[in-house]
Amino acid sequence: MSETTILSIAGFLTIAVILLLLNRKWTSPYVAISMVPIIVCFAIGKGAFLGEYILSGINSISQTGVMFIFSVAFFGILSETGAFDPFVNRIIKATKGDPVRLMLGVFIFASIVHLDGSGVVTCLLVVPPMLP
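Residues numbered from 1 in each chain as written. Predicted model: local features only at pLDDT ≥ 70, side-chain atom pairs only at ≥ 80, totals over all residues. Heavy atoms only, no water.

**Quick notes on the nonpolar core**
- Judged by nonpolar contacts, F75, F84, I91, V106, F109, A110, V113, V121, L124, L125 and V126 together constitute the single largest core of 11 residues.
- Within the residue set of this core, elements represented by two or more residues are α5 (99-113) and α6 (119-130).
- Residues in contact with V126, not counting those within four places in the same chain, are V106, F109 and A110.
- Ranked by size, the runner-up nonpolar core spans 6 residues in total, among them A10, I18, L21 and V40. (Core = buried A, V, L, I, M, F, W, Y, C linked by side-chain atoms within 4.5 Å. Buried < 20%, exposed > 50% of the residue type's maximum accessible area, 1.4 Å probe, protein only. Helix = DSSP H or I, 4+ residues; strand = E, 2+ residues; numbered from the N terminus. Contact = heavy atoms within 4.5 Å.)

**Focus: the pattern of salt bridges**
- Scanning all chains against the criterion turns up 2 salt bridges.
- Of the charged contacts in the structure, one is a salt bridge between R101 and D98, with a shortest N-O distance of 3.9 Å.
- Residue R101 is classed as partly exposed on the basis of its relative accessible area of 45%. (Salt bridge = Lys/Arg side-chain N within 4 Å of Asp/Glu carboxyl O.)

**Remarks on the layout of surface pockets**
- What the largest pocket holds in volume is close to 260 Å³.
- Surrounding the largest pocket, 13 residues form its lining, T14, P37, V40, C41 and Y53 being those nearest its centre.
- Contributions of two or more residues to the lining of the largest pocket are made by α1 (3-23), α2 (29-43) and α3 (50-81).
- By residue number, the principal contributor to the lining of the largest pocket is α1, which donates 5 residues.
- Considering only residue class, the lining of the largest pocket consists of 10 nonpolar, 2 polar and 1 charged.
- Its volume calculated, the second largest pocket comes out at about 160 Å³.
- Of all the secondary-structure elements, those providing two or more residues to the lining of the second largest pocket are α4 (85-95) and α5. (1 Å grid on protein atoms, 1.4 Å probe; cavity = no way out; pocket = protein on both sides within 12 Å on 5 of 7 lines; lining within 4 Å. Points joined across faces, edges and corners; volume = space filled by probe spheres on them. Nonpolar A, V, L, I, M, F, W, Y, C, P; charged D, E, K, R; others polar.)

**Quick look at the side chain of T14**
- If you trace the backbone, T14 turns up in helix α1.
- Looking at T14, the relative accessible area reads 11%, which means it is buried.
- Separated by 2.7 Å, the side chain of T14 and the backbone oxygen of A10 make a polar contact.
- Contacts of T14, omitting those with residues within four sequence positions, involve V36, P37 and V40. (Polar contact = N/O pair within 3.5 Å; in protein donor to acceptor, adjacent residues only side chain to side chain.)

**Brief notes about the packing of α4 against α5**
- Following both chains from N to C, one finds α4 and α5 inclined at 140 degrees, their axes separated by 9 Å at the closest point. With respect to each other, α4 and α5 are oriented oblique. The element α4 and its partner α5 pack so that their crossing is right-handed. Between α4 and α5, the residues in contact are F87, I91, I92 and T95 and R101, L102, G105, V106 and F109, respectively.
- In terms of residue class, the contact of α4 with α5 is built from 6 nonpolar, 2 polar and 1 charged. (Axes fitted to C-alpha atoms, helices over the stretch in contact; angles between N-to-C directions. Parallel < 35°, antiparallel > 145°, perpendicular 65-115°, else oblique. Left-handed = near helix turned anticlockwise from the far one by under 90°.)

**Section: unusual backbone geometry**
- Phi is positive for K25, which is not a glycine, with a value near 60 degrees.
- Mapped onto the elements, K25 comes out in the loop between α1 and α2.
- Its relative accessible area of 71% is what places K25 among the exposed residues.

Right, here's the structure in full:
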C-alpha cells in the first residue's frame, strides 16, 4: 500500500475511534481528541514527525481559530444586549406566532444573514435570538 493510502486509512480510523470513545462516554473529549491521534501516529510509524505535524496543524488553523473566538465573543455580546430583539420581534409579529410561518421567517432571516458565506455567523445570529 502507498503512504497516502495508509495515512488516509489512519485518518478515518482516528475519527472512528474518537467518535466511538465519545459516543460511549468512555473518555472526555479533551483526552479523546488529543490522545487518539498521537497513539495512531505512533502506531503507523510516524511518531518521529509528530512535532512537525502538530506545528503544521496549529499554523494552518490559528488564524481561523482566533477569528472564531472573537466572533463568538462579539455576537454573544450583541445577543446579550438585545441588538437582535427588533429583528426577532418583527419576525414574530409578521408571522403572528404561527409555527409554520415562523419557520419560514427564520429561514428568510437565516438566508439573508448567510449571504456573507459564514456558517458560524449564521448560527450565532439566528440560533440564540430565536431560542426563546
